[in-house]
Structure formats: structure tokens, C-alpha cells
Amino acid sequence: MSDLASLAEQLLSLHHGPRPLILPNAWDVASALAVQRAGAAAIATTSSGVAESLGYPDGEAIPPGEMFAAVARIAVAVSVPVTADVEAGYGLPYEALVSRLLRAGAVGLNLEDTDRSGDAPRLGDRDKAAERIGSIRRAADAAGVHVVINARVDSFLRGSGVPDERLEDALKRGIAYREAGADCVYPIWLTDADAIARLVRELAAPVNVLLRPGAPSVGDLEAMGVRRISVGAGLAHHTMARTEQVARQLIEGDGSAFLA
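Described in the following lines is the structure provided in the data block. From a predicted model like this one, the values you see are computed outputs, not experimental measurements.

### Here we look at the overall build of the protein chain
Stage number 1. A count of helical and extended segments in the protein chain gives 11 helices and 10 strands.
Stage number 2. C-alpha atoms of the protein chain, sized along the principal axes, occupy 60 × 45 × 45 Å.
Stage number 3. Within the protein chain, the fraction of its 260 residues that count as buried is 47%.
Stage number 4. Taking contacts inside the protein chain between residues at least 6 apart in sequence as the whole, the part at least 24 apart equals 66%.
Stage number 5. In the form shown here, the protein chain has an accessible surface area of approximately 11900 Å², with 53% of it arising from carbon and sulfur atoms.
Stage number 6. Treating the 25 positive side-chain charges of the protein chain as one cloud and the 33 negative ones as another, the clouds have centres 1 Å apart.

### Some words on the side chain of Arg228
Stage number 1. Relative to the assigned elements, Arg228 resides in strand S10 (residues 228–230).
Stage number 2. Residues in contact with Arg228, not counting those within four places in the same chain, are His15, Pro20, Leu21, Leu23, Thr83, Asn110, Asn150, Cys184, Val207, Asn208 and Val209.

### Notes on the layout of surface pockets
Stage number 1. Here the largest pocket defines a volume of roughly 450 Å³.
Stage number 2. Lining the largest pocket we find 32 residues, and of these Arg152, Ile188, Trp189, Gly232 and Ala233 sit closest to its centre.
Stage number 3. Along the lines of polarity and charge, the residues of the lining of the largest pocket split into 11 nonpolar, 12 polar and 9 charged.
Stage number 4. What the second largest pocket holds in volume is close to 360 Å³.
Stage number 5. Around the second largest pocket, the lining comprises 20 residues; the ones closest to its centre are Ala88, Thr114, Asp115, Lys128 and Arg132.

Rules used throughout
- Residues numbered from 1 in each chain as written.
- Predicted model: local features only at pLDDT ≥ 70, side-chain atom pairs only at ≥ 80, totals over all residues.
- Heavy atoms only, no water.
- Helix = DSSP H or I, 4+ residues; strand = E, 2+ residues; numbered from the N terminus.
- Buried < 20%, exposed > 50% of the residue type's maximum accessible area, 1.4 Å probe, protein only.
- Contact = heavy atoms within 4.5 Å.
- Areas by Shrake-Rupley, 256 points an atom, 1.4 Å probe, with all protein chains shown as cover.
- Lys, Arg positive; Asp, Glu negative; His and termini not counted.
- Charge placed at Lys NZ, Arg CZ, Asp CG, Glu CD.
- 1 Å grid on protein atoms, 1.4 Å probe; cavity = no way out; pocket = protein on both sides within 12 Å on 5 of 7 lines; lining within 4 Å.
- Points joined across faces, edges and corners; volume = space filled by probe spheres on them.
- Nonpolar A, V, L, I, M, F, W, Y, C, P; charged D, E, K, R; others polar.

In short, geometric facts, not functional conclusions.
Below is the structure:
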């Protein structure tokens, strides 16, 4: 457990370094090793990438045992801290969620505030989400590891109202989650530069931005004070698109990609 505690402190410190923590999310051992060779200081998993690689759709359709097994294979293979996307926690009790995370060798987690208990995913209750974060923090503290909690705020993904209303909701959620014990706030799907800058100013906590079409550049995000930049399933989707392209060329008789 002392090794995990050291990795957790290392991961936490990367959120407060001279440059943002850049996370090209991995989905299996091969992609994680490739990301590590590229120079990543930590490995983050993508839940959708892991699920799709194992034949499941995104959205907690994968059995948690399979998700944690995939995370464990990655954590054993790499030499840097691993943070796992565990979606909304798969309905696991908090102590069990933390225990399975640590047994897998991960020292950080993404936790979203989407509620999947009904027929369709919806934005969950803010107070319940904060309470869940607090429970996870206490369970991690009891285990002797400062698990780095990246609290995903889904106001821009599943919320309603005009952009300003969603921003106000995201701010309230981010503050509540930070006060409950989150180390980083992740307003997924937000691309507006002014809104990102306001979150950075007012949350008084590291902010994670998803790099996607319409988002500011890495350099601009760094200048705003964003401390963590990730790509979600973006790297996995780029890889699959390139695989399909090269395979199609080969099937059509062009094997040049393999002769270079």
C-alpha cells in the first residue's frame, strides 16, 4: 500500500506542476505503453475505449470486474501512476469501489455525476454526488492512499437551459465537489474559452478540460490556467479510424502502408 500511496502523491503533484498534466487516454496495455513511451507522466483510462475494446457499449454496460481487470493489466504494465475512468461507480458501495480501484493498482479515478438509474441517463442530484465524493474520500483515507478524485461535472453534457445557466450549475457543482474532497473538477464537453477561464478563476481547484473540436488549443488552455487536459475516447477513435483506413486500402489492393 505504501507504493500506491507514493504513486497517488505523485499523481496529485502533477496537477500542480509547471505545466498542465496531459493525458492521452489509453484503453489497453498496448495503448498505455505507447502513451508512456511518448512521454506521458501518468496514464488515464477511457471507460468507453475499454468497454468498446471488450465488446460492450459505453455507459456502464461493462461488468465492473472486466473494467477493473483491464485497469489492473495496464497498471502492472506501466511505471507511472494510473487514474481510471470508473464512470458513475457501477453502483458499487464506496468502500468496495475504492478497494477494487486500489487492488487494480490505480491511484486516481474519474467519477461522473450522471444518474443512470432510470430509463435514460440524466444529470444527477448535486448534493448526492457531493456526498458520494465525500464517502469515496473517506474510504480512500481509511485505506491510507490519497486517491486523486477527478469529479466530472456533466452540466454541459446532460444539463438543460441556456449556456449561462449551465455554467452557473457547473460552478455550483464544482464548488460542492471540491469541498467534498475532489482534487480536480472536470466540466466535460465545455469548449467555450470564456466559460473555461471563469471556472478556473472561481473554483480554486485544478480544472480538467476535454480536448475536442471547438475547444481552445493546448497552449491557450495552459495560458488560462487549466491544470489537466485529456482526450477521453479521442485517441481510441483516431486509432480505429486509421486502422480502418489502412485495412480498406489493403483490401482494395494498396499495400503501400506495409512497405514503407
